[in-house]
Structure formats: structure tokens, C-alpha cells
Amino acid sequence: MTRTLIVTGGAGFIGSNFLHMLAELRPQWRTVNLDALTYAGNLENLTALEGREGYTFVHGDVSRSEDVERAFEAAGDDLPVSVVHFAAESHVDRSIRSGVPFVQANMLGTQVLLDVCRARGVERFVHVSTDEVYGSLGPEGFFTEKTPLQPSSPYSASKAGSDLLVAAAHHTHGFPALITRCSNNYGPYQFPEKLIPLMIANARENRPLPVYGDGMQVRDWLYVRDHCEAILTVLERGECGRVYNIGGHNEFPNLEIVRRILAHLGKPESLIEFVADRPGHDRRYAIDAGRIERELGWTPRYTFEEALPLTIDWYLAQDEWLQRVRSGAYQSYYQSQYGA
Ligand code: NAD
Ligand code: DAU
């Protein structure tokens, strides 16, 4: 083993993809996955890693210092430890219903994690944040790392708060932190509360596809593997104290995404149902990823034309996974969010 990495939130969508990628690209690394297994955390995403030498799962909450300490004990002290921090409450719609779990996990959790990591003397700490901290754009322009933070939702406000806590730890204590801010991800293992997997799941069962408002809100879509490679690049080569935007130069209105999913599945557009808009809905996100491209040499490898079909086909092949994650609490969430 040449390096030890604690990954928080490794049982979620991006965290599990990141751990799978590390097993492939950095097989000599020891990894510890610290995850509270909330509704979005699923160890089924990681069955391929079970029993693998050098991989340990620790069931714990980043907002409890004793749980974070257990992750460090699992990491051992023979090698320097770095941290990639994914753990968060991540869904905007849920944050509109109740912001408290977002403040607890995203802000308190980040501060508790920072304090333990500082006391333990970690080598590097990558904080995985989001373009949503910048707020909403008009029809033109891009978010750069200098764009002021102007979050709109309780989710994005809690992520902006966590970014500021990480930046303060660097500024005040010289803590070796880096921050990434990425656009919308899609790909395998995404919980079907988010646009792309929700629309795939509904379309294959000929259920209505709920499009908020006029469906002309724009997001910049990035395949999750590209995001994971960008995070690895920042971990290995980024400059501490710096923020790196990550995006795909791949902007589409939501309606266009939904139409492409229907076309790939051979389903009719009559399944589209326009529903009440998300309160405070951000109109457009677009990322200027020039810094990470110029300074660290990262660029996305997947085109949307290539990776959207890959994603749809993954969900079609994972029927049992999809049925299991949509059972139980998902049904009551869906009912209260969409009323059907
Ligand atoms: P997700 O909701 O799929 O997974 C979150 C994971 O964190 C789950 O495994 C959950 O159990 C765990 N978790 C939640 N609270 C925890 C706590 N208090 N302690 C320990 N574990 C906890 O989220 P995701 O989509 O994989 O996002 C991961 C990170 O990336 C988040 O920080 C999110 O803000 C950020 N991000 C996501 C996207 C996106 O498009 N999904 C884009 C940019 C940034
Ligand atoms: O931009 C990065 C962010 O992307 C991440 O920080 C968040 O964790 C992640 O959830 C995502 O946030 P969004 O709110 O953009 O993603 P979501 O998939 O929820 O919605 C994408 C767009 O689709 C948004 O404009 C709302 C719309 N939408 C979403 C759902 C779930 C619909 O029209 N109907 C729906 O049912």
C-alpha cells in the first residue's frame, strides 16, 4: 500500500463510482469508506469491493467526531492519510421540504470532520462541492472560481457554508484543503430522485415524466467517471487553498434531456407531464472549467452522445437494484413530492 485515503460518503452515487475507479486506477492505495448509510447510501453499490484487500467500510456519521476517529483508526498510522469528502445531503427538492438535515450533515458534518482531520494532521483534504453555490446565470456567461457565492436553495446554501468552513480552515490554520465545484453528474448508481435516473425509471414503466415548470432550465451535464477522474487529478496535483471548477461544456435544457431519454427507450413524448415548478428554481448553470484544464491538464473524456445511452442501458440492466432502491421510503417520498 502506498497511500491511505478516507472517502466520506463512499456508498452514495459519486463516492461509489470514485471507489470503483480507485480500485482500477490506484489498486495499491488503502481506502476507508466512512458513510452513515442514509436513504441515499447503499452498500449494494460496492459489492464488487467487498473483501478486497486494502478496502474497509466504517459505518459512521461525519458530524460525530467519535465516528470520524474510528475511520482514522481503520486507516492506521503507517502511511500519511488524505481525505476526499463527498458525504452530504445532496437533493435540492428534499432541502426545500426541510433544511435542517442539510445544515447538520453539510455544515456541522464538514466542521467536525475538519477538526478531526486537522488534529490528525492529514496530508490533503479535497472538499467535493457544487456549482450550485454560485446561484443562477442568465442566458449568457459561465461560473468561474471568482464568481461570488449566491446560493438559492437550502441545499446550495449549506454547501456554500461548508465551502467557507473549508476555506477558513485553510486560511486560519494552513489546513491543506482543496475545493472542487462540479456541475450536474449522471451515470451508474445515481439515486432515482435526480432528473436522469428518475426519468429513465418512469419511462421504462410508461409512467408520467414530471418536468418542472417549462422544462427550459439549463444544466451542464458531466458523466460521473469524468468527475471522479477530475477529483483524483485535484487530489494528486492540485494546489492547496485553491478552488477548481469542473464541468463538461455540455449544456442542455431539461426538456431536451427528457426527450433524448424517451427517444433512446422508444417511448412517446406524451409521457411528459409539466408539473408545478420547483420553488426558487435556478434557471441556468454553466461552468468555466478553464483553470483545471490549463493548470492540471484535466478534460472530460466522455461525450453526452456516448455516455447518456451508456447510463440508460446501465439502468435497464440493473432492474433489481432499481426496484430495491425504489421500495419502502422512496414510495412515500415520491408520493409527497409528485402526488401520485
Ligand atoms: P448522494 O446523495 O448520492 O450520496 C451521499 C452519500 O453521503 C450517501 O452515501 C450518504 O449515506 C452519505 N452521507 C450523508 N450524510 C452523511 C453523514 N452525515 N455522514 C456520513 N455519510 C453521510 O450524493 P452524490 O450525488 O453522490 O454527491 C456526493 C457529493 O458531491 C455531495 O457532497 C454533493 O454535494 C456533491 N456534488 C454532487 C453533484 C451531483 O450532480 N450529484 C454535483 C456536484 C457536487
Ligand atoms: O449542479 C450540481 C448539482 O446537481 C448537485 O450539487 C446536486 O447534488 C445534484 O442533485 C444536482 O442538482 P439539481 O437540482 O440540478 O439536480 P436534479 O437532478 O434534482 O434536477 C435537475 C434539473 O431537472 C433541475 O432543473 C430540476 C429538474 N427536474 C428535476 C426533477 C427531480 C425536473 O424537471 N423534474 C424532476 O422530477
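Residues numbered from 1 in each chain as written. Chains lettered and ligands numbered in written order. Predicted model: local features only at pLDDT ≥ 70, side-chain atom pairs only at ≥ 80, totals over all residues. Heavy atoms only, no water.

(A) Layout of the packing of aromatic side chains. What the rule picks out here adds up to 20 aromatic pairs. Each ring, one from W314 and one from W321, has its centre 5.3 Å from the other, and the planes form 75°; the classification is edge-to-face. With relative accessibility at 16%, the residue W314 sits in the buried group. An aromatic cluster of three or more residues is present, and its members are Y39, F191, Y212, Y330, Y334 and Y338. One Lys or Arg, R94, reaches over the ring of Y333 and ends 4.0 Å from the middle of that ring. (Phe/Tyr/Trp six-rings, centres within 6.5 Å; stacked < 30°, edge-to-face > 60°. Buried < 20%, exposed > 50% of the residue type's maximum accessible area, 1.4 Å probe, protein only. Lys NZ or Arg CZ within 6 Å of the ring centre and 35° of its normal.)

(B) Expanded view of the layout of surface pockets. Of the voids in this model, the second largest pocket is the one considered here, and its volume is about 290 Å³. Together, 17 residues line the second largest pocket, and P210, Y212, V275, Q337 and Y338 are the ones closest to its centre. Elements with a contribution of two residues or more to the lining of the second largest pocket: α3 (92-97), β8 (209-212), β12 (272-275) and α12 (329-338). The residue makeup of the lining of the second largest pocket, split by class, is 10 nonpolar, 1 polar and 6 charged. (1 Å grid on protein atoms, 1.4 Å probe; cavity = no way out; pocket = protein on both sides within 12 Å on 5 of 7 lines; lining within 4 Å. Points joined across faces, edges and corners; volume = space filled by probe spheres on them. Helix = DSSP H or I, 4+ residues; strand = E, 2+ residues; numbered from the N terminus. Nonpolar A, V, L, I, M, F, W, Y, C, P; charged D, E, K, R; others polar.)

(C) Quick look at the nonpolar core. Counting residues in each nonpolar core, the largest one holds 35 residues, and the members touching the most others are I196 and I261. Those elements that provide at least two residues to this core are α6 (195-204), β8, β9 (218-223), α8 (254-265), α10 (304-317), α11 (319-325) and α12. If sequence neighbours within four positions are ignored, I196 has contacts with Y186, W221, I257, I261, L308 and T311. (Core = buried A, V, L, I, M, F, W, Y, C linked by side-chain atoms within 4.5 Å. Contact = heavy atoms within 4.5 Å.)

(D) Structural detail: the site of ligand 1. Taken together, 28 residues form the shell around ligand 1, and within it I14, D35, S90, Y155 and K159 come nearest. Residue T38 places a main-chain N or O atom 3.0 Å away from an oxygen atom belonging to ligand 1. A distance of 2.9 Å separates a nitrogen atom of ligand 1 from a polar backbone atom of V62. Surface burial for ligand 1 is 96%, taken as the share of its 830 Å² of free accessible area covered by protein chains. Listing elements by their share of the shell around ligand 1, those giving two or more residues are α1 (13-25), β5 (125-130), α5 (154-173) and β7 (184-186). (Near = heavy atom within 4 Å. Polar contact = N/O pair within 3.5 Å; in protein donor to acceptor, adjacent residues only side chain to side chain. Areas by Shrake-Rupley, 256 points an atom, 1.4 Å probe, with all protein chains shown as cover.)

(E) Inspection of the sheet that holds strand β2 (residues 29-35) at higher detail. Taken together, the 7 strands give an open sheet; going across it, the order is β3-β2-β1-β4-β5-β6-β10, and neighbouring strands pair in parallel fashion. Each edge of the open sheet carries a strand with a single partner, namely β3 (55-59) and β10 (243-246). Neighbouring strand axes in the sheet, compared pairwise and without regard to direction, differ in orientation by 20° on average. Two strands pair when backbone bridges link them, and strand β1 (residues 3-8) and β2 are joined in this way by 6 bridges, in the parallel orientation. In the strand pairing of β2, I6 is matched with V32. Docked against the sheet, helix α2 (residues 65-75) engages β1, β2, β3 and β4 (81-85), running at close to 160° with respect to β2. Contacts from helix α4 (residues 100-120) reach β1, β4 and β5, with the element oriented near 165° to β5. (Pairing = 2+ DSSP bridges. Axes fitted to C-alpha atoms, helices over the stretch in contact; angles between N-to-C directions.)

(F) Spotlight on the pattern of salt bridges. Per the counting criterion, the structure on display carries 25 salt bridges. The salt bridge partner of R64 is D67, with a shortest N-O separation of 3.1 Å. D67 sits in the buried class, given a relative accessible area of 7%. Its salt-bridge partner being R94, residue E193 comes within 2.7 Å of it at the nearest N-O pair. Here E193 is found in the loop between β7 and α6, whereas its partner R94 is found in helix α3, with 99 residues between them in sequence. This pair shows no difference in class: E193 is buried, exactly as R94 is. (Salt bridge = Lys/Arg side-chain N within 4 Å of Asp/Glu carboxyl O.)

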